[in-house]
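Okay, here's what each chain looks like letter by letter:
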Amino acid sequence: LQQLLSGQAVEQVISSSQLQNSFPPTIVYPTEKDSALMSEEIFGPILPILEFDSLDEALAIIQSKEKPLALYLFSNNRKWIEKVLAKTTSGGVCI
């Protein structure tokens, strides 16, 4: 996991000194769309955050890659939710 975070701006939610033999929950922001972090399956407490100028830009990125294991959409906009569900496939979706 440390290799995936190399060169990224990270914020650890819990200090690593508070944990023993564990990787701390980590937010990566901003995340580069073409970084190694975005091309590997992440089996750990790492949340990469991407920014987009439009929903269509985000959908284009999702559709250009392999089907994700999980897709998290943080929105109350019903039209956006329906569009994301219609235009993507993933192992699971959380809204």
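None of these values were measured; they are calculated from a predicted model.

**Q** What is the right way to read unusual backbone geometry from this model?
**A** Glycine aside, the phi torsion of most residues is negative, and most peptide linkages are trans. Of note, the bond from tyrosine 29 into proline 30 is cis; its omega dihedral lies within 30 degrees of zero at -5°. Its location among the elements puts proline 30 in the loop between β2 (26–28) and β3 (46–48).

**Q** Teacher, can you tell me more about the pattern of salt bridges here?
**A** Two side chains bearing opposite charge may form a pair once their charged atoms approach each other closely. Tallying each qualifying case throughout the model produces three salt bridges. As a salt-bridge pair, lysine 33 and glutamate 57 come within 3.5 Å of each other at their nearest N and O atoms. Of this pair, lysine 33 sits in the loop between β2 and β3 while glutamate 57 sits in helix α2 (residues 55–64), placing them 24 residues apart in sequence. With relative accessibility at 26%, the residue lysine 33 sits in the partly exposed group. For glutamate 57, a relative accessible area of 26% translates into the label partly exposed. Ionic pairing is found between aspartate 56 and lysine 83, a salt bridge with its closest N-O pair at 2.6 Å.

**Q** Hey, could you run me through the environment of alanine 36 in this one?
**A** Considering the arrangement of structural elements, one finds alanine 36 in the loop between β2 and β3. With 30 residues separating them in the primary sequence, alanine 36 and serine 6 have C-alpha atoms 9.2 Å apart.

**Q** Please clarify how the layout of surface pockets should be interpreted in this entry.
**A** One simple way to see leftover space: roll a probe sized like a water molecule over the atoms. Taken as a whole, the largest pocket encloses approximately 1,400 Å³ of empty space. Lining the largest pocket are 32 residues, and of these Met38, Pro68, Ala70, Leu71 and Tyr72 lie nearest its centre. Those elements that place two or more of their residues in the lining of the largest pocket are β3, α2, β4 (71–72) and α3 (78–87). Considering every element that reaches the lining of the largest pocket, the biggest residue donor is α2, with five residues. For the lining of the largest pocket, the class distribution of residues is 23 nonpolar, four polar and five charged.

The rules behind each value
Each chain carries its own residue numbering, running from 1 in the direction its sequence is written. Per-residue local features of the predicted model are confined to residues with pLDDT of at least 70, and side-chain atom pairs are confined, for both listing and counting, to 80 or more; whole-chain, interface and lining totals are unaffected and use all residues. Heavy atoms from the whole structure form the basis of all side-chain values; hydrogens and water molecules are not counted. Numbered from the N terminus, helices here are DSSP runs of H or I no shorter than four residues, and strands are runs of E no shorter than two. Any Lys or Arg side-chain nitrogen found within 4 Å of a carboxyl oxygen on Asp or Glu counts as a salt bridge. Only protein chains enter the accessibility calculation, which uses a 1.4 Å probe. A residue is then buried if its area is under 20% of the maximum for its type, exposed if over 50%, and partly exposed in between. Cavity means a closed set of points on a 1 Å grid over the protein atoms alone, one where a 1.4 Å probe fits but cannot get out, pocket means an open set with protein on both sides within 12 Å along at least 5 of 7 lines, and lining means a residue has an atom within 4 Å of a point. Grid points are joined across faces, edges and corners, and a volume is the space filled by probe spheres set on the points. Residue polarity follows a fixed list, in which Ala, Val, Leu, Ile, Met, Phe, Trp, Tyr, Cys and Pro are nonpolar, Asp, Glu, Lys and Arg are charged, and the others, Gly among them, are polar.

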